[in-house]
Amino acid sequence: MKIKDILQQNQVTLSFEVFPPKKEEGLLATLEAAHKIAALHPDFVSVTYGAAGTAPRFTVEVASDLQSSHHIENIMALRGDIPQDGSQQKEFLHASDLIRYIRSTEYGQAISIGGACYPEKHPESSSKEEDLQHLKDKIDAGCDFLTTQMFFSNETFYNFLYRVRDRGINVPILAGIMPITSRKQLGRSVQLSGTNVPDSLKAIVDRFGDDPAALKQAGIIYASNQIIDLIANGVTHIHVYSMNKPDVAEGILRNISEILR
């Protein structure tokens, strides 16, 4: 089913992201984790295509393995991180270029295309206004829905949503939530995205950072509370960056199961 059709239904949606392994020996474990996450029956599962400029590997394998139970007719069209060697395809300097190209093909006319957005603006944008213009370019190019980069303060998302709607961007927007389950994960996330970390989350990591089980539980609860607040304030689409951890995905789902009903 096309994601754009799922998002048009009058209900709360919850989806998860998985990512392929960097090395072949990690493929079986990744496939197992992906199937366990899919077994939780989210509205859909997305599979990433490399990160931080690394060479993409095994994305097709993971996505195809899930296809037996989850038909693939959706593409998240992202420019992505610039490769570590500094190279970049000149035809697709912006995600809008890629979206426009995909939409111009026969295949692209029959699928649902998603894009990314940044509540705290893209790190490479000079201003929030410039960032909104690039976002509008994506929509004009044929983007059906948007998924946000992770954020840890819901007020940041609410402010972003107000600016986006005021700009006339009315496609569905999925709130991207990342449960923080390790000190290293938080540092890496901030380094890549530049997202702000509230003092409340810093305190959690400082207090429980040396106790993996405690921090995992606290991270799941923090993310669950974000999701509960979002739903209570009328946000109907949530996308969880589950980091290939079925227990984290299941923990969040358990915490909000009655709310999703």
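Below is a summary of the structure that appears in this document. (Residues numbered from 1 in each chain as written. Predicted model: local features only at pLDDT ≥ 70, side-chain atom pairs only at ≥ 80, totals over all residues. Heavy atoms only, no water.)

Bringing the overall build of the protein chain into the picture now. The helix and strand inventory of the protein chain stands at 10 helices and 7 strands. Residues counted as buried form 47% of the 261 residues belonging to the protein chain. Nonlocal contacts in the protein chain, meaning residues at least 24 apart in sequence, comprise 77% of its contacts between residues at least 6 apart. Counting only carbon and sulfur atoms, one obtains 51% of the accessible surface of the protein chain, whose full area is about 13600 Å². (Helix = DSSP H or I, 4+ residues; strand = E, 2+ residues; numbered from the N terminus. Buried < 20%, exposed > 50% of the residue type's maximum accessible area, 1.4 Å probe, protein only. Contact = heavy atoms within 4.5 Å. Areas by Shrake-Rupley, 256 points an atom, 1.4 Å probe, with all protein chains shown as cover.)

Under the definition given, this model contains 2 aromatic pairs. On the numbers, 5.1 Å between centres and 10 degrees between planes, the contact of phenylalanine 151 with phenylalanine 157 is stacked. By way of ring pairs, the aromatic residues Phe151, Phe157 and Tyr158 are connected into one cluster. (Phe/Tyr/Trp six-rings, centres within 6.5 Å; stacked < 30°, edge-to-face > 60°.)

Given 3.6 residues to a turn, an α-helix orients residues that are three or four positions apart in the same direction. Counted at 1.5 Å a residue, the expected span for helix α9 (residues 212–232) with its 21 residues is 30 Å, and the 30 Å between its end C-alpha atoms agrees. Taken together, the buried positions of α9 are Leu215, Ala218, Gly219, Ile220, Tyr222, Ala223, Ser224, Gln226, Ile227, Leu230 and Ile231. Those residues of α9 that are buried lie in contact with α6 (154–166), β6 (173–177), α7 (183–193), α8 (199–208), β7 (237–241) and α10 (246–260). Backbone geometry just downstream of α9 places glycine 234 in the positive-phi region, at approximately 90 degrees. (Expected span 1.5 Å × (residues − 1).)

For the rest of this paragraph, the subject is the sheet that holds strand β5 (residues 145–148). What holds strands together in a sheet is hydrogen bonding between their backbones, with the strands either parallel or antiparallel. An order of β2-β1-β7-β6-β5-β4-β3 is seen for the 7 strands of this open sheet, with the pairing classed as parallel. Looking at the sheet topology across the chains shown, the edges are occupied by β2 (45–47) and β3 (74–76). On average, adjacent strands in this sheet sit at an angle of 25 degrees to one another, irrespective of strand direction. As judged from the 3 bridges shared by strand β1 (residues 13–18) and β2, these two strands associate in the parallel manner. Bridge pairing in β2 places phenylalanine 16 opposite valine 45. (Pairing = 2+ DSSP bridges. Axes fitted to C-alpha atoms, helices over the stretch in contact; angles between N-to-C directions.)

Another aspect to go through is the pairing of β6. Counting buried positions along β6 yields 5 of 5 residues, so the element is predominantly enclosed. Side-chain alternation along β6 places Ile173, Ala175 and Ile177 on one buried face and Leu174 and Gly176 on a second face that is also buried. Inspection of the sheet shows β5 paired to β6 by 2 bridges, in the parallel sense. Within β6, the position partnered with leucine 146 by the bridge is isoleucine 173. Crossover handedness for the path β5 to α6 to β6: right-handed. Across 3 bridges, β6 lies against β7 in parallel orientation. Bridging from a neighbouring strand, isoleucine 177 pairs with valine 240 of β7. (Right-handed = clockwise from strand over helix to strand, strands pointing away.)

Further remarks concern the side chain of glutamate 17. For glutamate 17, the location among the structural elements is in strand β1. Buried charge without a salt bridge: glutamate 17, with lysine 245 as the nearest opposite-charge side chain at an N-O distance of 12 Å. (Lys, Arg positive; Asp, Glu negative; His and termini not counted. Salt bridge = Lys/Arg side-chain N within 4 Å of Asp/Glu carboxyl O.)

A word on α7. Residues Gln185, Leu186, Ser189 and Ser193 constitute the buried set of α7. Projected down its long axis, α7 shows its buried positions confined to an angular sector of 100 degrees, all on one face. Among the exposed residues of α7, those pointing more than 90 degrees away from its buried face are Lys184 and Gln191. Those residues of α7 hidden inside the fold are in contact with α8. Positive phi appears at glycine 194, one or two residues downstream of α7, with a value of about 75 degrees. (Arc of directions from axis to C-beta.)

Position of lysine 136 relative to the elements: it lies in helix α5 (residues 128–141). In contact with lysine 136, other than residues within four places in its own chain, are Arg167 and Ile169.

Once that is clear, we can look at the packing of helix α4 (residues 95–104) against α5. At their nearest, the axes of α4 and α5 sit 8 Å apart, and the two run at 5 degrees to each other. Looking at the two axes, α4 sits roughly parallel to α5. Of the residues in α5, those in contact with Ala95, Ser96, Ile99, Arg100 and Arg103 of α4 are Asp137, Lys138 and Ala141. The residue inventory of the contact of α4 with α5, partitioned by class, reads 3 nonpolar, 1 polar and 4 charged. (Parallel < 35°, antiparallel > 145°, perpendicular 65-115°, else oblique. Nonpolar A, V, L, I, M, F, W, Y, C, P; charged D, E, K, R; others polar.)

This next bit is on the nonpolar core. Judged by nonpolar contacts, the single largest core of 42 residues is most densely connected at Leu135, Leu146, Phe157, Ile227, Leu230, Ile238 and Ile252. Formed by 13 residues, the second largest nonpolar core is a distinct cluster that contains Ile180, Leu215, Tyr222 and Tyr241. (Core = buried A, V, L, I, M, F, W, Y, C linked by side-chain atoms within 4.5 Å.)

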